[in-house]
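# Results of the structural survey
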Amino acid sequence: MIRLQSLLVYTLLAIIMYFFAKKASLMQKASYQMIPVIAFILVFGLRYSVGIDWENYREIYEEELFGMTFKEMLETRYEIGFLSIVYLCYIFQLPTYMLFVCLAAIQIIFLYLALKEDHGVLPYVYLAFIFSGIAIFGFCNVMRQNIAFCIFLYALKFVRDRKFIHYVLFYALAFCFHKSVIILLPCYFIWSIKSAIFNRPITQISIFIASIIMSLSNPIQHIFEYLESIIILMGFEGYIDSVEDLTTNSYIGPTRITLILAYLIIFYHSQDIKQFFSSKLFNQFYDLFFIGACCYFIFLGNMMFGRITQYFTNFSFIIFGYALYYYFQQPKTRTTLIGIAAISLSLFTSYSNLIVKCDKNTDGYVSYFQKDLHRQKDMQRTIMLNNR
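A few points on the structure.

Rules of the game
- Residues numbered from 1 in each chain as written.
- Predicted model: local features only at pLDDT ≥ 70, side-chain atom pairs only at ≥ 80, totals over all residues.
- Heavy atoms only, no water.
- Axes fitted to C-alpha atoms, helices over the stretch in contact; angles between N-to-C directions.
- Helix = DSSP H or I, 4+ residues; strand = E, 2+ residues; numbered from the N terminus.
- Parallel < 35°, antiparallel > 145°, perpendicular 65-115°, else oblique.
- Contact = heavy atoms within 4.5 Å.
- Nonpolar A, V, L, I, M, F, W, Y, C, P; charged D, E, K, R; others polar.
- Left-handed = near helix turned anticlockwise from the far one by under 90°.
- Expected span 1.5 Å × (residues − 1).
- Buried < 20%, exposed > 50% of the residue type's maximum accessible area, 1.4 Å probe, protein only.
- Phe/Tyr/Trp six-rings, centres within 6.5 Å; stacked < 30°, edge-to-face > 60°.
- Core = buried A, V, L, I, M, F, W, Y, C linked by side-chain atoms within 4.5 Å.
- Patch = residues over 30% accessible without salt bridge, like charges linked within 9 Å, V, L, I, M, F, W, Y side chains within 5 Å.
- Areas by Shrake-Rupley, 256 points an atom, 1.4 Å probe, with all protein chains shown as cover.
- Salt bridge = Lys/Arg side-chain N within 4 Å of Asp/Glu carboxyl O.

### Some words on the packing of helix α1 (residues 2–27) against helix α7 (residues 122–131)
With their axes 8 Å apart at the nearest point, α1 and α7 run at an angle of 170° to one another. Here α1 lies roughly antiparallel to α7, going by the angle between them. On α7, the residues that touch Y10, L13, A14, M17, Y18, A21 and K22 of α1 are P123, Y124, Y126, L127, I130 and F131. The residue makeup of the contact of α1 with α7, split by class, is 12 nonpolar, no polar and one charged.

Okay, here's the thing in structure tokens:
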């Protein structure tokens, strides 16, 4: 039941977001762009126990912070941006699901604002967003961090425009939701000097292959010894006691093989794609994507470092969207068809893997109002936690 419902809900959401973003691009009507935004807010805001962190946020809202004054809240471990949202929900006596509606709204609105200039690309980004699984196992977990990611994504345009004050203001806003965004502090100074870092395809491919080889040597413990203080500063101290258990999973199955193939093809065509978009903002997206691609395999399967580097790995769905748009705008040669096929295959295997496994984890979709399925979702979460 949950697996079939998840397939229908996520697939229908992807189609709606793609269709109306495409229609908005063709007809030049911004009002149509609001339909994907609203659809995302309704689906992900009104979910029940989708994402392992959902229950944690419910407990924070209903138990941990309930009854506190705002001053008392500020003494907790949570950032002021998130606390402000919670406090406003308390003031208006909103039910728990409205907290998740607010969080989902902030995520998708800043994502849309960051990419709306490239309105032709947006439909493909939405497809990659859903089918890569990042919207589900990514944005439904570590919600505060992903809000920080979306705000930072929006702030990048101020790097391009050399508006330092605007960048600082939005960077500070991102920091107010998750202090781990401090890892991105140097970005303004890097791209105000250079328009792009990773240009040569052969260099990218060599570094990427080296990253895959490095993952087999399990570098986590050595890296951790040097970065422990920084990890604490970014707010991931909760993982330190279990770092011995967070070893990398170097198994590379079909999903990761197709991902590697898609990455290699994008790296190979990167100069042509950059020339096509001819945008400093795209170059920033691409550089962060490349860092994320390497980090994903260096820290393969490691939860702590996976969350730290999520600011970079999230850029995969954005670049997949841009690359798909590029390939569809080119003459249908063997090269472009291979590019489309590689990215589509990677998205298909990721999405299939998510749907097949959603009965055994918390990725399966259930609405907050489907009370009859809540017990089953609660059991899934309990079993998943016990098996960790």
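Next comes the rest of the account.
### As for the packing of helix α3 (residues 54–64) against helix α5 (residues 80–91)
Running from N to C, α3 and α5 cross one another at 55°; their axes reach a closest spacing of 11 Å. On the basis of the axis angle, α3 is oblique to α5. Here the hand of the crossing between α3 and α5 comes out right-handed. From α3, Y57, I60 and Y61 reach across to α5, where they touch F82, V86, C89 and Y90. Looking at the contact of α3 with α5 residue by residue, the classes come out as seven nonpolar, no polar and no charged.

### Describing helix α2 (residues 30–45)
For α2, built from 16 residues, the straight-helix expectation of 22 Å at 1.5 Å per residue is met to within 8% by its first-to-last C-alpha distance of 23 Å. Of all the residues in α2, the buried ones are Q33, P36, V37, A39, F40, I41, V43, F44 and G45. The elements touched by buried residues of α2 are α1, α6 (96–115), α7 and α8 (134–138).

### Describing the packing of aromatic side chains
Tallied over the entire structure, the rule returns 59 aromatic pairs. Ring centres 6.4 Å apart and planes at 70° place the aromatic pair F110 and F170 in the edge-to-face group. With F110 in helix α6 and F170 in helix α10 (residues 164–175), this pair connects stretches of sequence that are 60 residues apart. F110 sits in the buried class, given a relative accessible area of 15%.

### Considering the nonpolar core
Ranked by size, the top nonpolar core spans 126 residues in total, and within it Y10, F44, F129, I130, F208 and F285 carry the most contacts. Setting aside residues up to four positions removed in sequence, F285 forms contacts with L115, L153, L156, F315, I318, I319 and Y322. Among the nonpolar cores identified, the runner-up in size contains six residues, and C295, I298, M304 and F305 belong to it.

### A word on a nonpolar patch on the surface
Judged by side-chain polarity, F164, I165, V168, L169 and F189 come together as a nonpolar surface patch covering roughly 490 Å² of accessible area. Examining the composition of the nonpolar patch, we find that four residues originate from one element, α10, more than from any other. As for its placement among the helices and strands, F164 is situated in helix α10. Judged by relative accessible area, F164 falls into the partly exposed class, the value being 35%.

### Topic: unusual backbone geometry
A positive phi is found at S49, a non-glycine position, where the angle reads about 55°. With respect to the helices and strands, the residue S49 is situated in the loop between α2 and α3. In the Ramachandran plot, R162 falls in the positive-phi region, its phi being about 55° despite a non-glycine side chain. Positionally, R162 belongs in the loop between α9 (143–160) and α10. For R162, a relative accessible area of 52% gives the class exposed.

### Structural notes on the environment of E72
Along the polypeptide, E72 turns up in helix α4 (residues 70–73). Spatially, the C-alpha atoms of E72 and I319 are 42 Å apart, while their sequence positions differ by 247 residues.

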